[in-house]
Amino acid sequence: MTTDHPATSKRSLFSFFAQYRELALIGFILLLIVIISLQSPGFLTFDNFQDILLNISILAMIALAQGMIIITRGIDLSVASTLALVAMMVSFVLKAYPETPVILIVLLGIGLGSVLGSVNGLIITVGKVPPIIATLGTLSIYRGLVFFYSNGDWVNPIDLPSGFKQLAKGMSLGLPNLVVVAIIVAVIAYVFLNHIQAGRDIYALGTNPEAAKISGIRTQQVTFMVYVISGIICGLAGVMWASRYEAAQTNTALGFELQTVAAAVIGGVSMLGGIGTVPGVLLGALLLGIIQNGLTLSSISQFWQLAVQGFLILLAVISDATIQRRIKTTMTRGFAK
Amino acid sequence: MNENTLRMTNISKSFAGVHALHGVQLELHSGEVHALLGENGAGKSTLVKVITGVHQPDTGEIYLNDQRIHLGDPREAAAQGISAIYQELSIFPDLDIAENIFVGRRPTRAGGLVDWRRMYREAEALLSSLGIHLNLKTKARYLSIAQQQMIEIARALSVNARILVMDEPTSALTLNEVADLFRIVRRLREAGTAILFISHRLEELFEIADKVTVLRDGGYVDTRSMDGVTQEDLIRMMVGRTIKDMFPKKEVEAGEVILRVKNLTRKGSFKDVSFELRKGEILGMAGLVGAGRTEVSQAIFGVAPADEGTIEIEGQSVHITNPGQAMQHGLALVPEDRQHHGLVLPMDITDNITLPRLTHFTSRGWLNVKDAHGAAYQAATQMQVKATTVWQKARELSGGNQQKVVLAKWLSTNPRILILDEPTRGIDIGTKAEVHHLMSDLAAQGIAILMISSELPEVLGMSDRILVMHEGQVTGLFSRSEATQEKIMLAATQAV
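What you see is a predicted model; the values in this text were computed from it and never measured.

1. Here's the deal with the overall build of chain B
Phase 1 of the analysis: Along chain B, the regular secondary structure elements total 17 helices and 22 strands.
Phase 2 of the analysis: Computed over C-alpha atoms, the radius of gyration of chain B comes to 25 Å, within 12% of the 23 Å expected from 2.2 N^0.38 for 496 residues, which places it in the range of a compact globule.
Phase 3 of the analysis: Considered along the principal axes of its C-alpha atoms, chain B spans approximately 75 × 55 × 45 Å.
Phase 4 of the analysis: The buried share of chain B, taken over its 496 residues, is 46%.
Phase 5 of the analysis: Within chain B, residue pairs in contact and separated by at least 24 positions form 68% of the contacts whose partners lie at least 6 positions apart.

2. Details of the confidence of the model for chain B
Phase 1 of the analysis: Looking at chain B as a whole, the pLDDT averages 85, with 95% of positions reaching at least 70.
Phase 2 of the analysis: Of all secondary-structure elements in chain B, the lowest mean pLDDT belongs to helix α11 (residues 338-342) of chain B, at 71, while strand β20 (residues 448-452) of chain B reaches the highest, 94.

3. Describing the domain arrangement of chain B
Residue and element names in this part refer to chain B.
Phase 1 of the analysis: Per the domain assignment, the segments of chain B are domain 1 (5-91 + 143-239) and domain 2 (257-493).
Phase 2 of the analysis: Opposite the 11 residues of domain 1 that make contact, domain 2 presents 10 residues.
Phase 3 of the analysis: Top contributing element to the side of domain 1 that touches domain 2 by residue count: helix α8 (residues 231-239), with 5 residues.
Phase 4 of the analysis: Residue composition of the side of domain 1 that touches domain 2, by class: 4 nonpolar, 3 polar and 4 charged.

4. Looking at helix α17 (residues 485-493) of chain B
A turn of α-helix holds 3.6 residues, and therefore any two residues three or four places apart point the same way.
Phase 1 of the analysis: All of the buried residues in α17 of chain B are Gln485, Ile488, Met489, Ala491, Ala492 and Thr493 of chain B.
Phase 2 of the analysis: Buried positions along α17 of chain B lie against α7 (202-208), α8, β13 (282-287), α16 (456-462), β21 (465-470) and β22 (473-479) of chain B.

5. Section: the packing of helix α3 (residues 46-71) of chain A against helix α13 (residues 278-297) of chain A
For any two helices packed against each other, the geometry is given by the interaxial angle and the distance between the axes.
Residues and elements named next belong to chain A.
Phase 1 of the analysis: In contact at an axis separation of 8 Å, α3 and α13 are set at 135 degrees when each is read in the N-to-C sense. When the axes of α3 and α13 are compared, the pair comes out oblique. The handedness of the crossing between α3 and α13 comes out as right-handed. Across from Asn48, Asp51, Ile52, Asn55, Ile56, Leu59, Ala60, Ala63, Leu64 and Gly67 in α3, the residues of α13 making contact are Val278, Val281, Leu282, Gly284, Ala285, Leu286, Leu288, Gly289, Ile290 and Asn293.
Phase 2 of the analysis: Tallied by class, residues from the contact of α3 with α13 come to 13 nonpolar, 6 polar and 1 charged.

6. Some thoughts on the environment of leucine 490 of chain B
Phase 1 of the analysis: As for its placement among the helices and strands, leucine 490 of chain B is situated in helix α17.
Phase 2 of the analysis: Each C-alpha atom of the pair leucine 490 of chain B and alanine 380 of chain B lies 40 Å from the other, and the pair is 110 residues apart in sequence.

7. As for the sheet that holds strand β14 (residues 308-313) of chain B
All names here are of chain B.
Phase 1 of the analysis: Across the sheet, which stays open at both edges, the 4 strands sit in the order β12-β11-β14-β15 with antiparallel pairing between neighbours. If you trace the sheet from one side to the other, it starts and ends with β12 (270-278) and β15 (316-318), each paired once. Sheet twist, expressed as the mean angle between neighbouring strand axes with direction ignored, is 20 degrees.
Phase 2 of the analysis: Pairing of strand β11 (residues 257-266) with β14, which is carried by 5 bridges, proceeds in the antiparallel orientation. When the sheet's bridge partners are listed, arginine 260 is paired in β14 with glutamate 312.
Phase 3 of the analysis: Where helix α9 (residues 293-301) meets the sheet, its contacts fall on β11, β12 and β14, and the angle it forms with β11 comes to roughly 115 degrees.

8. So, the environment of isoleucine 69 of chain B
Residues and elements named next belong to chain B.
Phase 1 of the analysis: Assignment of secondary structure puts isoleucine 69 in strand β5 (residues 67-69).
Phase 2 of the analysis: Sequence-wise, isoleucine 69 and threonine 294 are 225 residues apart; in three dimensions their C-alpha atoms are separated by 41 Å.
Phase 3 of the analysis: Filtering out sequence-adjacent residues up to four positions away, isoleucine 69 remains in contact with Ile62, Tyr63, Leu64 and Gln80.

9. Notes on the sheet that holds β22 of chain B
Residue and element names in this part refer to chain B.
Phase 1 of the analysis: Here 6 strands make up an open sheet; going across it, the order is β16-β19-β20-β13-β21-β22 and the pairing mixed. Edge positions in the sheet fall to β16 (331-334) and β22, since each of these pairs with one other strand and no more. With strand direction ignored, the average angle separating the axes of adjacent strands in the sheet is 20 degrees.
Phase 2 of the analysis: Here β13 pairs with β21 via 5 bridges, running parallel. Looking at β21, one finds that leucine 283 is bridged to arginine 465.
Phase 3 of the analysis: In this fold α9 packs onto β13, β16, β19 (417-421), β20 and β21, with an angle of close to 150 degrees to the strand it touches most, β19.

How each quantity is defined
Residues numbered from 1 in each chain as written. Chains lettered and ligands numbered in written order. Predicted model: local features only at pLDDT ≥ 70, side-chain atom pairs only at ≥ 80, totals over all residues. Helix = DSSP H or I, 4+ residues; strand = E, 2+ residues; numbered from the N terminus. Rg over C-alpha atoms; globule rule 2.2 N^0.38 Å. Buried ≥ 20, exposed ≤ 12 C-beta atoms within 10 Å, placed from the backbone. Contact = placed C-beta atoms within 7 Å. pLDDT = per-residue confidence, 0-100. Domains from an automatic or database assignment. Nonpolar A, V, L, I, M, F, W, Y, C, P; charged D, E, K, R; others polar. Axes fitted to C-alpha atoms, helices over the stretch in contact; angles between N-to-C directions. Parallel < 35°, antiparallel > 145°, perpendicular 65-115°, else oblique. Left-handed = near helix turned anticlockwise from the far one by under 90°. Pairing = 2+ DSSP bridges.

If you want it as structure tokens, here you go:
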């Protein structure tokens, strides 16, 4: 057949970065590592990198959930509040019944998270509320519940049993448990998004919702599912957070939802839906972690951390938009020649 | 070869009291390409959506091989072997070719894992059975429209489609691509697929179709064998009605040329469009949906300027790059989609009417609400807008009254050239007549009107001259006396 637009002939710099976003990110990360290690010798050590991994584990897990939701053209702003609410609730349970087995606490956190995620999913699918509004609402409601539930009190390290504290800090396979959990979540996410029917449907839904419906994909169920999955991951993350910081506070993870969006977007997830990979999001989280760590080591003020993060988001989105426009121009074909 | 017959009898469907289909019948057989023909709004798309389960008919029955079937949604239709390739392609740009074909039904291995290898193998087999060779891992967004269409056909085949509906498959293809498509359509016909083929290009139907069913105004006209009909027959069947003298067109002596468009071209939209518009004249722009008429009007109004060509207003060459400039030159555009482009729905009537000339009511940055209100009241009264007060929100008005507000808004700018894009689409007959009266009055006052309309009776009834476009080019210009429905349809469906 005639091919005025050969399928794979475009080999411009643009399409290269469009297809190999991960490589560009890796290059950027390596560059950063070189620059920061020249500035602060303490940076390039095994302990420091273990620290970075610990610091980004929770971010990476939730960024994966966030990325998956953004792929469906949605967003979940309630992730941090969900995390905080679950952290607070399981901490209260532990305070009252310190002998509860850790595995039960983990399951409880996952269960609570899935309920909170289901509420988001129902508001969005049944209530037909746009995701950004629905989760903006539950962001406040869940955070409000944290206050309501705790009466403004904190759960302090002294209130938590040591077995539970070991959940995040203990080591297995030479890595902190928290990092292992994040790796497991990432592997599951990778298999789910690449090799499971429902995971692939997420991409189909995001890239063309109308066509997805026509193709027999149950779009409402898929939408509901991604918010429940997000709730589950946030629930798990809430338990890990309480264990790692040995505390639950009313302001736990306040504003954290924006970091998860940042990691996903920097990692190449398109706000227009349909595009995003697990390695990309992980690299996005890693990049944020390295910047935070590097700037802290260089004792640069928090303002610069935030400014750099904001700059990276804009860079990512502008380059995505440019790539999209390029692709669109090459695709536009007219009949009036 | 399996014999399959899809029979539909007495299908009717209404939307909000408007009959989209009434008493339509259709019979499709294996190994047959059946054309579905009709003017814009004749009910073709609605019928297609009934066949594919998107809409459920109010009355009527559907039989597959003499068994009555119910098609509650596209899934059920697919289960019965009915697939459709829509005008708006349902391609997933970010998925690769193989996954586009198997989306929703990916082959799986034990444990629910997607069997990518089998998927690529089967996709390869399907595409080569169609004589297509592409890298299956290419994302669909990098394919041409024609290639994307082939992917959709492959998708339909992968569900063993016995009945394939193709809604305007050739509208975005080049001649070579159409030839490729027809080769595949013939292959499918030989394999025993029943194909319902919708196209506005009459000459194509003679090449590919065996039978033709014609719809008009939502009703069934006739089914014929393509051997026994001529192009003129088909046009007569599509157009049918006689135009009663229902249009209140006043005879106006056309004045001097006020707008002259020369060789206007915008790549991908329209090419070499030239025409003149005189004071007091209504110039009708006819053509099928997608012929490029709206694009031309938007180029003149500066919404999306042309690449080449010149526009003269009263003999002065003008360069208009945004609507603000167009308004300064005395142009006004009443857009096609009043809900999106014509009105700010949550705002009230006063705000909507005064929006284009707010500076007029503003002194030192302060808006004089009383003046604005007065002007809006006057304009709305003149247009006989039926509303409780001028503070009523635009979204609470009926379609016809919304259109009157849009007209009032633009007339309040005192335009010399008024462009109306589908001025009466979707409004009731009574309001339609009022709009027609108003157009005639405005022309009598010396305003030049460019009217885009897909309704032939309206074009014939209201225009002094009629310009016909087809695929971005002007294919005919008729005076009021020489224009007939047949001539316009011919020019609108045939390339020059």
